[in-house]
Structures are given as structure tokens and as C-alpha cells.
Amino acid sequence: MNKFLDQIGDKLLPLANKLASNRYLAVLRDAFMLSFPLTMFGSIVVVFNNLPFFNDATKATLSNLFGSGQNATMSIMTIFVTFGIGYYLSKSYDVEGIFGGAVSFSSFLLLTPFYTMSEKGEKISGVLSLDRLGAKGMFLGMLVAFLAAEIYCWATKKGWQIKMPDSVPPAVAKSFAALIPAVLTLSIFLFVNAGLTGFFNANLHDIIYKVIQIPLVGLGRSIWATLLAIFFVQFLWFFGLHGQTLVNSVMDPIWNTLMLDNLEAYQAGKHLPHIISKSFMETFTVGLGGSGMTLAVVIIMAFVLKKKMYKDVGRLALGAGIFNVNEPVIFGLPIVLNATILIPWVLAPIIVTAFNYIVMALGIVPAPTGVAVPWTVPIFFSGILATNSILGGILQLVDMVIVGLIWYPFLRTLDKQPDSVL
């Protein structure tokens, strides 16, 4: 068994290393992290405005007073992502990042309709719709930002720049150096938009949304795609590879879009359209003690198992596990390449995630509202914040019991093994 696992690990390691070092996945991850402090602020405002013990009149007043806290952060998340992609991709090519970010964001705006439709169906010009700067524009924003930054960096690397004398201040010299690449890049997107508008009376936002975003979001919101993603997270971690980073680099754009959809519906008082979202994944998978939902495992090790080494690892890992950091137990138990506990390590998160989905689909526990809860918030509290209901916290406690029941027989097996086998 161990020889078979070693062979799988040898084959997985090169592939995982390629994914981890992939320029575009790394840039996408960093771009989303750029928006993290802003979305956290927006989430705090949303939670405060919608505390469960406020009546509807109080919520309406707070929304009127503090609603801009969400509108200026979470509702325009695509702005931060497009800028971040341009910035980090340019830096990866050793090109001035700030101009790459500005060009990418401006390219996205060039393809964005500056109008909205009133309730009466009248066209209102000179207006940027929030949904195009948020969930609805997310995929177009990412595609345009990558393409614009690539064009900008290519033109810069070609040396198509205006060189200024050394006596010119650096800020001025950099602006002139960016002029030709920026004009070239922006012109391309301007003509693309003009062609779509003039010949087809269409815009790329609606085309991408219908052709790419809706099918991808439909796939990402399914429980089967989610369970498959969780399987790969656990499987990669078993071989010591950071499964969360590798899988989330691909899935985060979809899950973040679903989260923003839920938030918009929640703010409008409508039915939440999705169960699976970034909030769901953060709160009801990672939020149970880290990857693999190991807080229950740590508690069993610390207070139930008899071997001193397991008790020590459990007690040392307990403090970090409460805040959903579980590297101490992953490498201290160890979980990595430990064939005895491969089954619960992979199976427990899949069973619990499927259980949570069913409970929410039946309406027993509300789905996450779209509020971004930091993954380090301890269990029970994160569930309440994510769902705006105490039932979310209770569900997390039930999840802990399920994980503990799945793991206990395997941990007892470990505890009974002679020291020479460990």
C-alpha cells in the first residue's frame, strides 16, 4: 500500500508543482487577495445592517445610512480584481505594475456599457450599473484584465516607449514610457467595443455572461463539482501538497461570483439563488478546523486517545485548530502519507459537505447570505455570521460530531498500534 502511494505521489508532485508555479493562477490568487480587506469591511457592514434582532424599519434605516459600505467594496469587486490582475501580471514580467493595473481596469471599462435600463424600460445614459462591476462582470473582467496586461507588457518589452532624459523626474519618465503601450492596448479594446456596438448592437458583457459565465457558474454551484473539488483538496494534501491553494486557484472565481449573487439577492430581500458559494466553502468546510475539518480530530487526540505522543500533538494543535489553522496536525499526526487515516481524511469532508448541502436545500438551515466571513473565525460564530442565523452555528457543531464519529475508529486503530509501527 505504501509503495503504491509513493508511486502516486511521485507522479502527482511534478503536476502539482507546475500548477502552483503557474503564472496566471498565481496572479489570479493574488488579485483576489488584493480585494480581501475591502470585502471584509463590506461584509462587516452588511452583518451590522442586518442583525437578526433588528426589525425591518431599523434595517432599512441602517441600509440607507451605511449601505455605501457594501456598494463601495463588495458590490464593485470586479474593479479590484481587474486592477490586481493587471498589476501582478505586469510585475511578473518585470514591467511597472501600477500602469499595468490601470490599463487593465480601463480596458474593462471600455467594454462596459455606460447605461442602465429603468423599471419602465427606458435607457438611462451616463450610468455604470453596479452589477456589471460586481458578480455579473467578474468573468469578463478577468479575461480582459489578463489580455490587456499581456498586450501592454508585450508592447513594453518590445521597447515601444518614449525615452525621457535622465534629468526628468522618475514619475514623469515612467508615464511617458507607458504612453505608447497603453494607447495601443486601450485602442484595441475601444475598437472591439465599437465593432460590437456598431455592427451587432451588443456588448461583450452580455455575450460573456451568457456564453461563459452562466455555464461555468452552473457547473460550480452543483454539489457534484463541489464534492469533486473537495476530493482533490484532500487527496493532494495527503501527499503534502497544498490542495487548498491548487484547487481554489481554479474554483475561487466561480465561488466568489456565486457569493456576490447571494449577497445582491440578500440585500434586495430576495430568495438566495445558491447554496454553494465562497462563503459556504469557507464556513462549512475550512471553518471546521482547516482543510479536512480536523478540529474534531484534534479534540479526540487531545482528550480521548491514550498515547502520549497523540495527546501532545492534539493539545499543541488545539489552539491553532480553533482558528482553523491545521498544519500542526497535518504534519504532526502525521496525516501526510499516513495510509491508516487516508479513508477518514478524504471521506469525512465529502460526507459533511453533502449533508450540509441537503440540510440547506431542504430549508432546515439557511444558506450563507454572501457575507464574506474570515476563515479564521472560530466554529459556531462563523456559522452564525455566514447565515445570519444561530442555526448556521448549530449546524457546524453537528458537523463536528459527524467528523468525530467518522474519524474515531481510525484514530483508535492508530492508538493501539505498537510504537514500532508508527
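Preceding block: the structure.
Read on for a plain summary of the structure. (Residues numbered from 1 in each chain as written. Predicted model: local features only at pLDDT ≥ 70, side-chain atom pairs only at ≥ 80, totals over all residues. Heavy atoms only, no water.)

A few points about unusual backbone geometry
Notably, N201 is not glycine yet its phi reads approximately 50°, a positive angle. You can see N201 is positioned in the loop between α10 (170-200) and α11 (204-220). Note on N201: relative accessible area 71%, which makes it exposed. (Helix = DSSP H or I, 4+ residues; strand = E, 2+ residues; numbered from the N terminus. Buried < 20%, exposed > 50% of the residue type's maximum accessible area, 1.4 Å probe, protein only.)

With respect to the nonpolar core
Within soluble globular proteins, side chains that are nonpolar tend to cluster in buried spots. One finds I85, M301, L333 and W407 to be the most contacted residues of the largest nonpolar core, which totals 105 residues. A domain split of this core shows at least three residues from each of domain 1 (75-221) and domain 2 (268-416). Setting aside its immediate chain neighbours within four residues, L333 contacts M301, Y310, V313, P328, I341, W407 and L414. Listed in part, the six residues of the second largest apolar core include V103, Y152, A178 and A182. (Core = buried A, V, L, I, M, F, W, Y, C linked by side-chain atoms within 4.5 Å. Domains from an automatic or database assignment. Contact = heavy atoms within 4.5 Å.)

Describing the packing of helix α9 (residues 138-157) against helix α13 (residues 243-267)
Put simply, α9 and α13 touch, their axes get as near as 10 Å, and they point 140° apart. The pairing of α9 with α13 is recorded here as oblique in orientation. Seen from α9, the contacting residues are M138, F139 and M142; seen from α13, they are P253, I254, T257 and L260. Residue composition of the contact of α9 with α13, by class: six nonpolar, one polar and no charged. (Axes fitted to C-alpha atoms, helices over the stretch in contact; angles between N-to-C directions. Parallel < 35°, antiparallel > 145°, perpendicular 65-115°, else oblique. Nonpolar A, V, L, I, M, F, W, Y, C, P; charged D, E, K, R; others polar.)

Side note on the packing of aromatic side chains
Throughout the structure, instances matching the rule amount to nine aromatic pairs. Ring centres of Y24 and F146 lie 5.6 Å apart, and the angle between their planes is 70°; on these two criteria the pair is classed as edge-to-face. One end of the pair, Y24, is in helix α2 (residues 23-34); the other, F146, is in helix α9, and 122 residues separate them in sequence. Relative to W160, the ring of W154 has its centre 5.0 Å away and its plane inclined at 80°; by these criteria the two rings are edge-to-face. Judged by its relative accessible area of 45%, W154 falls in the partly exposed class. Using a relative accessible area of 38% as the deciding quantity, one classes W160 as partly exposed. Here the aromatic cluster, defined as three or more aromatic residues joined through ring pairs, consists of F83, Y87 and Y88. Just above the ring of Y93 sits the side chain of R23; from NZ or CZ to the centre is 4.0 Å. (Phe/Tyr/Trp six-rings, centres within 6.5 Å; stacked < 30°, edge-to-face > 60°. Lys NZ or Arg CZ within 6 Å of the ring centre and 35° of its normal.)

Regarding helix α18 (residues 342-361)
With 20 residues, α18 should reach 28 Å at 1.5 Å per residue; the first-to-last C-alpha distance of 29 Å fits that figure. Among the residues making up α18, those that are buried are L342, P344, W345, V346, A348, P349, V352, T353, N356, V359 and M360. (Expected span 1.5 Å × (residues − 1).)

As for a nonpolar patch on the surface
Taken together, W154, W160, V172, F176, L179, I180 and V183 make up a surface patch of nonpolar side chains, about 600 Å² in accessible area. Here the nonpolar patch gets five residues from one element, more than from any other, and that element is α10. (Patch = residues over 30% accessible without salt bridge, like charges linked within 9 Å, V, L, I, M, F, W, Y side chains within 5 Å. Areas by Shrake-Rupley, 256 points an atom, 1.4 Å probe, with all protein chains shown as cover. Salt bridge = Lys/Arg side-chain N within 4 Å of Asp/Glu carboxyl O.)

Considering α10
With 31 residues, α10 ought to run about 45 Å at 1.5 Å a step, and its terminal C-alpha atoms sit 44 Å apart, in line with that. By the burial criterion, the buried members of α10 are A177, A178, P181, A182, T185, F189, N193, G195 and L196. Buried residues in α10 make contact with α7 (97-110), α9 and α11.

Observations regarding the side chain of D399
Looking at where D399 falls in the secondary structure, it is placed in helix α20 (residues 390-416). Among buried Asp, Glu, Lys and Arg side chains, D399 stands out as unpaired, with K278 the closest opposite charge at 17 Å. Look past the residues within four positions of D399 in its chain and what remains in contact with it is F284, L288, V352, F355 and N356. (Lys, Arg positive; Asp, Glu negative; His and termini not counted.)

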